[in-house]
Amino acid sequence: MKVTVMGASGRIGTRLVESLRQAGAEVVLASPTFGVNSVTREGLRASLTGADTVIDVTNAASFGDDSALEFFRTSTRNLLAASADAGVGHYLALSIVGTPHLVESDYFRAKMVQENLIRAARRPYTIVHSTQFFEFISGVIDMAADGNDIRLPSASMRPIAADDVADVLTRLALKPPVNDTVEIAGPERFALDEIARILVAANEDTREVITDETARYYGVELNDDTLLPRQPAHVGPVRLADWLNRSMAD
């Protein structure tokens, strides 16, 4: 099977390429780093020629303004059109658990537009909703910083390792499209402020994590279950303690 990974040089993309190769797939690496740009369409047609599946793990450079919407709208339209022209049989895209409930955020509104474009294209697809990656929680902590304090709500989440996300994407890429949304999550449930305290302590960060139920997540006020999967999820095996031990050793 031939699989094009759009976003192959990113955090998930690099792991995904390796996972697909280990599974025996022929992989085409597509990203601006490799001369393929889904916004300008540079190299796009050639990267999809002969592909059975395209996996879209692209991401916007900015999270807090209209540029995310412009990126996902343009990139997704171009990828869908080029995939249809090339006869690609499966469009697999990575998105985020809770997206429909987070559209007050510019970034999540842009992700919702991406998902709607994929569904409206009437091409075989699978959309994967993932919970927050362990690797991205440090960024959430930094966004919540208020001087020497970190203000976060106690909303529940089930964070997942990026390697586990790549493994699930690989398995789905080698199967027929489901024409629906699939959710993936980590094996453990934490409060957002709780996991922030664990990571702050592990990194010997002296800032204090303060529980603040009015604090916002990417500009959105959370309910307790906003960041949790709403349907039976594929569960990644890596637990927080194992991920921390591995990341500290790197």
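Located above this text is the structure these notes cover.
Residues numbered from 1 in each chain as written. Predicted model: local features only at pLDDT ≥ 70, side-chain atom pairs only at ≥ 80, totals over all residues. Heavy atoms only, no water.

*Asks:* Break down helix 1 (residues 11-22) for me, citing the residues and quoting the values.
*Replies:* Relative to the 16 Å expected for twelve residues at 1.5 Å per residue, helix 1 spans 18 Å between its end C-alpha atoms, a close match to the ideal helical length. Along helix 1, the positions that sit buried rather than exposed are Ile12, Gly13, Leu16, Val17, Ser19 and Leu20. Glycine 24 sits one or two positions beyond helix 1 and adopts a positive phi of about 95 degrees. (Helix = DSSP H or I, 4+ residues; strand = E, 2+ residues; numbered from the N terminus. Expected span 1.5 Å × (residues − 1). Buried < 20%, exposed > 50% of the residue type's maximum accessible area, 1.4 Å probe, protein only.)

*Asks:* Give me the lowdown on the packing of aromatic side chains, citing residues and values where you can.
*Replies:* Scanning all chains against the criterion turns up nine aromatic pairs. Relative to tyrosine 218, the ring of tyrosine 107 lies with its centre 6.4 Å away and its plane at 25 degrees, an arrangement referred to as stacked. Here the residue tyrosine 107 occupies a position in helix 4 (residues 106-120), and tyrosine 218 occupies one in the loop between strand 12 (216-217) and strand 13 (220-221), the gap between them amounting to 111 residues. An angle of 80 degrees between the planes, with centres 4.9 Å apart, marks the rings of tyrosine 217 and tyrosine 218 as edge-to-face. With respect to burial, tyrosine 217 and tyrosine 218 carry one shared label: buried. (Phe/Tyr/Trp six-rings, centres within 6.5 Å; stacked < 30°, edge-to-face > 60°.)

*Asks:* If you had to explain the nonpolar core to someone new, which residues and values would you point to?
*Replies:* Ranked by size, the top nonpolar core spans 34 residues in total, and within it Leu192, Ile195, Tyr217, Leu240 and Trp243 carry the most contacts. For this core, the element with the most residues is helix 7 (residues 192-202), which contributes five residues. Look past the residues within four positions of leucine 192 in its chain and what remains in contact with it is Val140, Leu152, Pro153, Ser154, Ala155, Met157, Tyr217 and Leu222. Grouped together as the second largest cluster of nonpolar side chains are 25 residues, Val3, Leu20, Ala25 and Val57 included. (Core = buried A, V, L, I, M, F, W, Y, C linked by side-chain atoms within 4.5 Å. Contact = heavy atoms within 4.5 Å.)

*Asks:* Residues and numbers for the packing of helix 7 against helix 8 (residues 240-249), please.
*Replies:* When two helices pack together, their arrangement is given by the angle between their axes and by how far apart the axes lie. Contact pair helix 7 / helix 8: the axes reach a minimum separation of 12 Å and the direction vectors enclose 25 degrees. Of the possible angle classes, the one that applies to helix 7 and helix 8 is roughly parallel. Here helix 7 runs over helix 8; the crossing is right-handed. Contacts from Ile195, Ile198, Leu199 and Ala202 in helix 7 reach Leu240, Trp243, Leu244 and Met248 in helix 8. (Axes fitted to C-alpha atoms, helices over the stretch in contact; angles between N-to-C directions. Parallel < 35°, antiparallel > 145°, perpendicular 65-115°, else oblique. Left-handed = near helix turned anticlockwise from the far one by under 90°.)

*Asks:* Which residues make up the sheet that holds strand 9 (residues 181-185), and what values go with them?
*Replies:* If you walk across this open sheet you meet the seven strands as 2-1-3-4-5-9-14, and the pairing is parallel. Each having just a single partner strand, strand 2 (26-30) and strand 14 (234-235) make up the two edges of the open sheet. Where helix 6 (residues 162-173) meets the sheet, its contacts fall on strand 3 (53-56), strand 4 (90-96), strand 5 (125-130), strand 9 and strand 14, and the angle it forms with strand 4 comes to roughly 155 degrees. (Pairing = 2+ DSSP bridges.)

*Asks:* Can you break down unusual backbone geometry residue by residue, with the values?
*Replies:* The phi dihedral of asparagine 179 falls on the positive side, at around 55 degrees, and the residue is not glycine. Along the chain, the position of asparagine 179 falls in the loop between helix 6 and strand 9. Unlike most non-glycine residues, glutamate 204 shows phi in positive territory, near 55 degrees. Structurally, glutamate 204 can be placed in the loop between helix 7 and strand 11 (208-211).

*Asks:* Explain the side chain of histidine 129 to me, using residue names and the numbers behind them.
*Replies:* Structurally, histidine 129 is set in strand 5. Assessed through its relative accessible area of 5%, histidine 129 is described here as buried. Side chain to side chain, histidine 129 and glutamate 115 meet in a polar contact 2.8 Å long. The residues contacting histidine 129, other than those within four sequence positions of it, are Ser95, Ile96, Val97, Thr99, Pro100, Glu115, Thr181, Val182, Glu183 and Ile184. (Polar contact = N/O pair within 3.5 Å; in protein donor to acceptor, adjacent residues only side chain to side chain.)

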